[in-house]
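# Architecture and fold: a report
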Amino acid sequence: MSEQYPALVVIGPLLCALLVSVAGWLRPRLCLPFALLGLGISAAASTGLLAQVLTSGPVTYRLGGWAPPWGIVYQVDNLNAVVAALVSWVALFNLAASYRAVMTDYPEKIGPFYTLYVLAVTGMLGMVVTGDAFNLYVLLEITSLTGYALIGLGGGRAPLASLNYLFLGTIGASFYLLGVGYLYIVTGSLNMADLAKLLTPLYGSLALLAAFAITLVGLWMKMAFFPLHAWLPNAYGFAPSPAASLLAPLMTKVMVYVMIRVMISVFTVEFILQEVALSQFVVWLAVAAMVAGALLALGQRDLKRMLAYIVVAEVGYMVGGAWLGNKLAMTGAILHIINDAVMTFCVFLAAGCIYQKTRGTAFEDLQGLFKKMPWTMTALAAGALAMIGVPPFCGFFSKWYLIRGGLEAGHWGFVIALLFSSLVNVVLFFRIFEIAFFEPMSHGHGGHEGHGEHGGAVALAEAPLSMLLPLMAAALGLVALGLATGPLVEKIILPIIPAGLG
Amino acid sequence: MKALALAIVALVGGLLISATVDFPDWGDPASPAALHVSPRYIEKTMEDTSVPNIVTSVLADYRGFDTMFETTVVFTAGVACFLLLRRREPRPGPSRVYRHRASGVIVEMSQAPDTEPAPEVFKRIDDDWTPHDLIVMNVCRLLIPFIQLFGLYVIAHGHHSPGGGFQGGVILGASVILLALSWDLRTASLRMREVATGLMSAIGVFIYAGVGALALAMGGNFLDYAALAPILMVDPVAARSLGIFFVEVGVGLAVMATMVLIYKNLASEGRLDQGL
């Protein structure tokens, strides 16, 4: 069975998504169990796959039994294995937490909601494990399409935000497809490993440069890299909370993974460092992303929107790290993919818990929350400390690698921007804590007008246990990941850093 | 801002066009695309899959995994439309419009009647007083079975001629949409209910992925139709050909049902009572 892990990672959730859809029409009660089964299969298979890759090296899986480059293959090394495990576990925890929110807000549509949810995860996992440039595009379509629908379901301006995302996302995906088309015209291949071989004699050709540029811009658009981030804050700010806490942590991270994969496995670092020579420019863009994301986050008066702008800044960390052009920074970027997924998940899920109870995440809704929802706020505090970069929370370690990478590259702008954005995170989160801890409960929410003058009589109104447990797991995961940084870097990340990096 | 946007468009366009100088010539038989993977498909298709139509064998076998997800994309689009558009609450305004069958007189009731008028006397029509056209209705009714037969032919004949699941499914779906256009949405809904469209689109994709998973259960890789040979009781090459046929049926089912599902939701603003 173990040789089938790469297929099971993607096929398990796909088949279960279809079962969820059927159940949605016939027995809505069964939707969630089928969805849990699908993501459970992929979580188990991706964990097994990671163990297998770590013990016996990269795995190649031929779909349909056809050898590359004629057929499609899944090519799994440490990098995809760890990202696949990350995606499937985070999605599984979020799914477990989503039930109450979905039942409150969309009781009639749980079938289609969970179908699209599981399909979105299928798409992300497929993008992560594939070794075929075109297959990646097909899965990207699935993830995008499900994302538009899940975001458009939210209230308020969500449909407009989703339409915006649809326009920009479609342009981004088309750019990627166009880039793959250019590569196919000049090489005749779609297999990543095969492409890397065939591209070497073509260095210096304008077609190759154009293909690289257009692929990269397309991916940047999908990951909301500044200045192509305009769709993200509204999309993730207005999305229903279970969808926001699925897409915000995972979608941008998967796209950063795809960028790194395209950089190291298709075009190779030699090409990027010597032929493209745009590293300085891209790192400065990343600096702009960090600074702009931080400043724009300062201007928000809503927790979810503030978090969305922090995501924009975080994308800057990872893109900058990947382009600094040395091993330390690349290690930091990959480590940050893992850490940032878990910490973004933690804070967005906490926001979802708050929304579940207060029906709003504007700053006024947060008053007195430390008394009302102590556990949720503790988890939010853990996520905040990780995002700020306080040891032993995981955010510290990836930032440490990124800063050391920046110093080694002599790129002071990157180092300063990273420190600046971390400091802004301090301001952002402590402003929230001040409101939630010191400002008295605004009246009218709980109906406790008679007492509560001193805030002492505020009733405990914690989020349901089904949401709290995954949230606690995420918060503990932040510390666990931080403590596991050593083995994570030594065993998983370092072996796949390309030798061409300085 | 507009000038900046124009400048960027011109710049990107210029880059993309200037890059084409490095492309092989139009129709060049020595281009990489013609020399690298294509020869194997052209020379080995019959031997590998016993399917004369190379496009079908590449689509449904060599790169069948992509096609499975393309079918999933179609399915996803249908589910997304349903999720965003479908509304259970009835249309605002209680008025209902009926046509007296014998005289063609149109009656608009300002309030919904307690009991529906006898359907053989009064036929309910859309609010915008859809015109009654005997010729269009009857010609379409006569055409629809032939269209559907042709759709089935296109699905089944994808091995030998242009066609296959996507095209056949579209033709089948169009036949139901033609019924909705020439009669009305309620008639089409009676022939193909909402639950049926929803279930068929999921089952169609499930057939595709299920054939793949069956191959996996039989000890082959996912979608390796040759592994199905023992249960189909044919040799592995014929099993590939049959496997392609099964997945094409799944694709046809999914595409047909999804087209009808999307049409119904779009045409009736998600209420499935009337429209176009």
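Residues numbered from 1 in each chain as written. Chains lettered and ligands numbered in written order. Predicted model: local features only at pLDDT ≥ 70, side-chain atom pairs only at ≥ 80, totals over all residues. Heavy atoms only, no water.

All right, on to the interface of chain A and chain B then. Frequently, the measure chosen for interface size is the accessible area removed from exposure when the parts meet. Residue-level contacts link 61 residues of chain A with 55 residues of chain B. With both sides pooled, the region where chain A packs onto chain B buries about 5200 Å², and carbon together with sulfur makes up 75% of that total. The largest share of the area that chain A buries against chain B comes from Trp25(A), Trp66(A) and Trp70(A), three residues that together contribute 17% of it. Linking Arg63(B) and Asp132(A) is a salt bridge whose minimum nitrogen-to-oxygen distance equals 2.7 Å. Elements that contribute at least two residues to the side of chain A that touches chain B include exactly helix H1 (5-26), strand E1 (59-62), helix H4 (110-129), helix H5 (133-152), helix H6 (158-187), helix H7 (192-199) and helix H8 (206-223) of chain A. For the side of chain A that touches chain B, the leading source of residues is H1(A), giving 11 residues. Grouping the amino acids of the side of chain A that touches chain B by side-chain chemistry returns 41 nonpolar, 14 polar and six charged. (Contact = heavy atoms within 4.5 Å. Buried area = accessible area lost by both parts, 1.4 Å probe. Salt bridge = Lys/Arg side-chain N within 4 Å of Asp/Glu carboxyl O. Helix = DSSP H or I, 4+ residues; strand = E, 2+ residues; numbered from the N terminus. Nonpolar A, V, L, I, M, F, W, Y, C, P; charged D, E, K, R; others polar.)

Right, let's get into the nonpolar core. Tyr114(A), Met259(A) and Trp323(A) are the most contacted members of the largest nonpolar core, which totals 238 residues. It is helix H10 (residues 241-276) of chain A that provides the largest number of residues to this core, a total of 23 residues. Those residues in contact with Tyr114(A) that sit more than four places away from it in its chain are Val20(A), Cys31(A), Leu32(A), Ala35(A), Leu95(A), Ser98(A), Tyr99(A) and Val102(A). Among the nonpolar cores identified, the runner-up in size contains eight residues, and Ile177(B), Leu179(B), Leu185(B) and Tyr263(B) belong to it. (Core = buried A, V, L, I, M, F, W, Y, C linked by side-chain atoms within 4.5 Å. Buried < 20%, exposed > 50% of the residue type's maximum accessible area, 1.4 Å probe, protein only.)

Residue and element names in this part refer to chain A. Burial along E1 is one-sided: the residues Val 59 and Tyr 61 are buried and none of Thr 60 and Arg 62 is. As paired strands, E1 and strand E2 (residues 73-76) are joined by four bridges and run antiparallel to one another. Bridge pairing in E2 places Val 59 opposite Val 76. (Pairing = 2+ DSSP bridges.)

This paragraph deals with the packing of helix H11 (residues 279-298) of chain A against helix H12 (residues 303-323) of chain A. Residues and elements named next belong to chain A. It is at 8 Å that the axes of H11 and H12 come closest, and there the two elements cross at 160°. Judged by the angle between their axes, H11 and H12 are roughly antiparallel. Crossing geometry of H11 relative to H12 is assigned as left-handed. On H12, the residues that touch Ser 279, Val 282, Val 283, Ala 286, Ala 289, Met 290, Gly 293, Ala 294, Leu 296 and Ala 297 of H11 are Met 306, Tyr 309, Ile 310, Val 312, Ala 313, Gly 316, Tyr 317, Val 319, Gly 320 and Trp 323. Classifying every residue of the contact of H11 with H12 gives 16 nonpolar, four polar and no charged. (Axes fitted to C-alpha atoms, helices over the stretch in contact; angles between N-to-C directions. Parallel < 35°, antiparallel > 145°, perpendicular 65-115°, else oblique. Left-handed = near helix turned anticlockwise from the far one by under 90°.)

Another point: helix H6 (residues 134-156) of chain B. All names here are of chain B. A rise of 1.5 Å per residue sets the reference length of H6, with its 23 residues, at 33 Å; its end C-alpha atoms lie 34 Å apart and thus fit the reference within 8%. Remark: the principal bend of H6, roughly 30°, maps to Leu 143, with a proline, Pro 145, within the next four residues. Buried-residue contacts for H6 involve helix H7 (165-182) and helix H11 (236-267). One side-chain oxygen at the N-terminal end of H6 lies 3.1 Å from the backbone nitrogen of Ile 135; it belongs to Asp 133. (Expected span 1.5 Å × (residues − 1). Bend = angle between axes of the 7 residues up to and from the residue. Polar contact = N/O pair within 3.5 Å; in protein donor to acceptor, adjacent residues only side chain to side chain.)

Here we come to the domain arrangement of chain B. Residues and elements named next belong to chain B. Partitioning chain B into domains gives domain 1 (51-87 + 132-276) and domain 2 (92-126). Averaged C-alpha coordinates put domain 1 and domain 2 at centres separated by 36 Å. In this assembly, domain 1 packs against domain 2 so that about 620 Å² is buried in total across both faces, 38% of it on carbon and sulfur atoms. Looking only at domain 1, the three residues that lose the most surface to domain 2 are His 132, Arg 186 and Gln 274, adding up to 58% of its buried area. In this assembly, domain 1 and domain 2 are joined by two salt bridges. Residue Lys 123 is joined to Asp 184 by a salt bridge in which the shortest nitrogen-to-oxygen separation is 3.1 Å. (Domains from an automatic or database assignment.)

Our focus in this paragraph is the side chain of Asp273(B). Residue and element names in this part refer to chain B. Positionally, Asp 273 belongs in the segment after H11. On the basis of relative accessibility, which here comes to 18%, the residue Asp 273 falls in the buried class. Not counting the four nearest positions on each side in its chain, Asp 273 is found in contact with Arg 91, Leu 185, Arg 186 and Ser 268.

Residue and element names in this part refer to chain B. Over its 12 residues, helix H3 (residues 38-49) runs 15 Å from end to end, which matches the ideal 16 Å to within 8%, given 1.5 Å per residue. Within the span of H3, buried status applies to Ser 38, Tyr 41, Thr 45, Asp 48 and Thr 49. Viewed end-on, H3 has its buried residues packed into an arc of 100°, placing them on one side of the element. Along H3, exposed side chains directed more than 90 degrees from the buried face belong to Ile 42, Glu 43 and Glu 47. At the exit of H3 stands Ser 50, carrying a positive phi of roughly 50°. (Arc of directions from axis to C-beta.)

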